[in-house]
Amino acid sequence: MTTITLDGYADVREAFRLRDLKQALYDEGGVVMAGCLLVLHGDDHRVRRRVENRLFRRGTFRHWERAFLHDVVRDTLAPFAAEGHADLVELGYRTIMSLTALVAGIDRPTGSAAEADALYRYAKVFSEGATLVHTTRDPDAVRAEVRAALEEFDAAFLRPSLARRRDLLARHAAGELDERDLPRDVLTGLLRHWDELDIDEEILLRECAFYLQAGSHSTADAFTHSADEFFAWVRRDPAAAEKALDDPALLQRCVHETLRLHPASPVAHRRALAPAVLRGGAEIPEGALVVLDLAAANRDPRVFERPDEFDPLREVPAGVPRWGHAFGGGMHACIGTELAGGVPESVPESDGAEQAHEQVLGTVTLMLSALLAAGARPDPQRPPQRDPHSSRDHFASYPVVFG
Ligand code: HEM
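Criteria and cut-off values
- Residues numbered from 1 in each chain as written.
- Predicted model: local features only at pLDDT ≥ 70, side-chain atom pairs only at ≥ 80, totals over all residues.
- Heavy atoms only, no water.
- Donors = N, O, S within 2.8 Å, 3.2 Å for Na, K, Ca; no water.
- Helix = DSSP H or I, 4+ residues; strand = E, 2+ residues; numbered from the N terminus.
- Patch = residues over 30% accessible without salt bridge, like charges linked within 9 Å, V, L, I, M, F, W, Y side chains within 5 Å.
- Areas by Shrake-Rupley, 256 points an atom, 1.4 Å probe, with all protein chains shown as cover.
- Salt bridge = Lys/Arg side-chain N within 4 Å of Asp/Glu carboxyl O.
- Lys, Arg positive; Asp, Glu negative; His and termini not counted.
- Charge placed at Lys NZ, Arg CZ, Asp CG, Glu CD.
- Buried < 20%, exposed > 50% of the residue type's maximum accessible area, 1.4 Å probe, protein only.
- 1 Å grid on protein atoms, 1.4 Å probe; cavity = no way out; pocket = protein on both sides within 12 Å on 5 of 7 lines; lining within 4 Å.
- Points joined across faces, edges and corners; volume = space filled by probe spheres on them.
- Phe/Tyr/Trp six-rings, centres within 6.5 Å; stacked < 30°, edge-to-face > 60°.
- Pairing = 2+ DSSP bridges.
- Axes fitted to C-alpha atoms, helices over the stretch in contact; angles between N-to-C directions.
- Contact = heavy atoms within 4.5 Å.

- The protein chain is annotated in an unreviewed UniProt entry as Cytochrome P450 of Nonomuraea corallina.

This is the structure we're talking about:
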């Protein structure tokens, strides 16, 4: 089998947009990924994405950010800050868990810490299952753990959430409930469009499990890396870094620069359904596995000067997002980009003009801002640990102290 690796910014951008390149990273992770949005192709993907996109309309997250995201972040951080220490990996997951559950449509009837912890445990297992291709453990042992976690998650969370939504939809159909009283989440969207989607309850279970892990793992990872990069920036250039403490737009740039340097998905894989030749001359034969090296493309010196340097103040060429390819591109471009990364006040368009936007900071910036405001710094006694079970650039733990 031919493998073509693309590691230039322009090649990766073009490949993301080629219709004949089909998702291939999650074949190993079918136990939790089979039939999920991220592995669908062509019309199947288009129809599912249109249904799920409705929740992610521009403006929804701006409203969430104004209405309650600050409170979620502050309330999750408060007990850790009061104790004087935290692990950023745990704190990141805890904060983001309730938000991804909200997006997916998984109710948390009691809102207790035990519930959040259970979801956190499941999300970690599902995430390991999805990225089985990168595991250093016995893949069958991971699959067995994922199956057990799916069963527990189904019984404890999905079934009650399904029952509540079916009841609400029946009352809506009977004219007893207004449209605005229906939940705006992925699960409700899927139930409302059941007939056109050609799905079953197994796929529904995996789609909710996929959202739970896709939303939480990458956000928690971005949060930990952003804090790590920020702490290193403070050590190198305290005067410059300290300015970001009072400047949310600059802090957002720190997050975007971190995402460029440490994309949660360092590679994307595609299978070529037809031969293709890229503008830069790369030839892709039919059937080839195409490895899109996002981590390398995000450090392409033709696009990012001094590419290995963390420089939130850097200039980027028109049409290039500061996070490079961290949110993917083309048909599978991350549906949660605005929720996690926000929207900068102005975005450079490919024609060089600046398009003005109403700023959304995004959850990662909100989390980093709250963490720094609480006076967090790396725990001098306990250095951060890398994840020994993954070849990816993840922290397994990152202890900090406050004050
Ligand atoms: C910093 C945080 C995040 C990063 C770095 C990230 C990254 C990515 C990337 C690279 C892809 C494309 C993968 C590929 O093409 O193979 C993707 C897709 C996706 N992401 Fe995210 N993501 C983040 C947060 C979120 C959040 C918060 C959600 C939802 C709550 C989410 C939901 C999804 C979904 C549903 C897809 C599949 C889209 C499709 O196939 O059409 N992500 N993400």
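There's plenty left to go through after this.
### Re the coordination of the iron atom of the ligand
Here comes step 1: Among all protein atoms, only Cys-334 (SG) binds the iron atom of the ligand, sitting 2.3 Å from it.
Here comes step 2: Residue position: Cys-334 is located in the loop between α13 (294-297) and α14 (337-341).

### Quick look at a negative patch on the surface
Here comes step 1: On the surface, Asp-44, Asp-198, Asp-200 and Glu-202 cluster together to form a negatively charged patch.
Here comes step 2: With respect to the helices and strands, Asp-198 occurs in the loop between α9 (194-197) and α10 (201-236).
Here comes step 3: Residue Asp-198 is classed as exposed on the basis of its relative accessible area, which comes to 71%.

### So, empty space enclosed by the protein
Sizing a probe to match a water molecule and rolling it over the atoms shows the empty space that remains.
Here comes step 1: Per the counting criterion, the structure on display carries 1 cavity of 30 Å³ or more.
Here comes step 2: What lines the largest cavity is Val-73, Leu-77, Leu-91, Thr-95, Phe-223, Met-367, Ala-370 and Leu-371.
Here comes step 3: Going through the elements one at a time, α4 (60-83), α5 (88-104) and α15 (363-373) are the ones with two or more residues in the lining of the largest cavity.
Here comes step 4: Top contributing element to the lining of the largest cavity by residue count: α15, with 3 residues.

### Concerning the packing of aromatic side chains
Here comes step 1: For the structure on display, the rule yields 15 aromatic pairs.
Here comes step 2: Consider the rings of Tyr-122 and Phe-153, whose centres lie 6.0 Å apart with planes at 65 degrees: the pair is edge-to-face. On the criterion of sequence distance, the pair formed by Tyr-122 in helix α6 (residues 113-130) and Phe-153 in helix α7 (residues 139-173) is long-range, its members being 31 residues apart. Grouping residues by exposure puts Tyr-122 and Phe-153 together as buried.
Here comes step 3: Ring plane angle 80 degrees and centroid distance 6.2 Å describe the contact between Tyr-122 and Phe-157, whose orientation is recorded as edge-to-face.

### Description of the sheet that holds strand β7 (residues 289-293)
In any sheet, the strands associate via hydrogen bonds between backbone groups, in a parallel or an antiparallel arrangement.
Here comes step 1: With mixed pairing, 4 strands are arranged side by side in an open sheet as β1-β7-β4-β2. Each edge of the sheet is formed by a strand with only one pairing partner; in this case those strands are β1 (3-6) and β2 (21-23). Shown here is a sheet whose adjacent strand axes are inclined to one another by a mean of 35 degrees, direction ignored.
Here comes step 2: Bridge count for strand β4 (residues 267-272) against β7 is 5 bridges, and the pairing is antiparallel. Among the inter-strand pairings, Arg-271 is bridged to a residue of β7, identified as Leu-289.
Here comes step 3: Strands β1, β2, β4 and β7 of the sheet are contacted by helix α1 (residues 9-16), whose axis makes an angle of about 125 degrees with β7.

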